[in-house]
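# Analysis of the macromolecular model
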Amino acid sequence: MPAPTAIRTLGEFREALDSGRCLVITDSVKGARVHPDPEGCPHVQERSFEEKVLTNSERNGSYFSVATTEEALQEWPEISVCRSAACAVR
């Protein structure tokens, strides 16, 4: 299984949303969460990415692109899956 792809630029973030892949957001306080449909999820916002990754240099967490929720579970065994109705599980 391929390794998760770190997202480090605004262009990569936008591409990840358009790709149809899952998005993992790690957070030093809340833990890691996988978003199966990040494009439609209200919890995945560009301004949050800009603050966490671009402004704070990933000190409090990071963003990754993964193919499936199963891939995310292999990399982060304690990960939670977004429960937003707009973020349907694939």
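Residues numbered from 1 in each chain as written. Predicted model: local features only at pLDDT ≥ 70, side-chain atom pairs only at ≥ 80, totals over all residues. Heavy atoms only, no water.

## Section: the pairing of strand β2 (residues 22-25)
Formally: Under the scheme applied here, a residue whose accessible area is under 20% of the maximum for its type counts as buried, over 50% as exposed, and between as partly exposed, the area being computed with a 1.4 Å probe on protein chains only. Numbering goes from the N terminus for both helices and strands, where a helix is a DSSP run of H or I of at least four residues and a strand is a run of E of at least two. Pairing between two strands is assigned when DSSP locates at least 2 bridges connecting them.
Residues Cys22 and Val24 line one face of β2 and the alternating positions Leu23 and Ile25 line the opposite face, and both faces are buried. Relative to strand β4 (residues 63-66), β2 is paired through four bridges, and the arrangement is antiparallel. Bridged to Cys22 within β4 is Val66. Pairing of β2 with strand β3 (residues 33-35), which is carried by three bridges, proceeds in the antiparallel orientation. Residue pairing for β3: Leu23 is matched across the bridge by His35.

## Concerning helix α1 (residues 10-18)
We count it as follows: Directions drawn from the helix axis to the C-beta atoms are what define this arc. The contact criterion used throughout is that any non-hydrogen atoms of two residues lie within 4.5 Å.
Every buried residue of α1 is accounted for by Phe13, Ala16 and Leu17. Down the axis of α1, the buried side of the element spans an arc of 100 degrees, and every buried residue falls inside it. Seen from the open side of α1, the exposed residues pointing more than 90 degrees away from its buried face are Glu15 and Asp18. Residues of α1 that are buried in the fold lie against β2, α2 (46-55) and β4.

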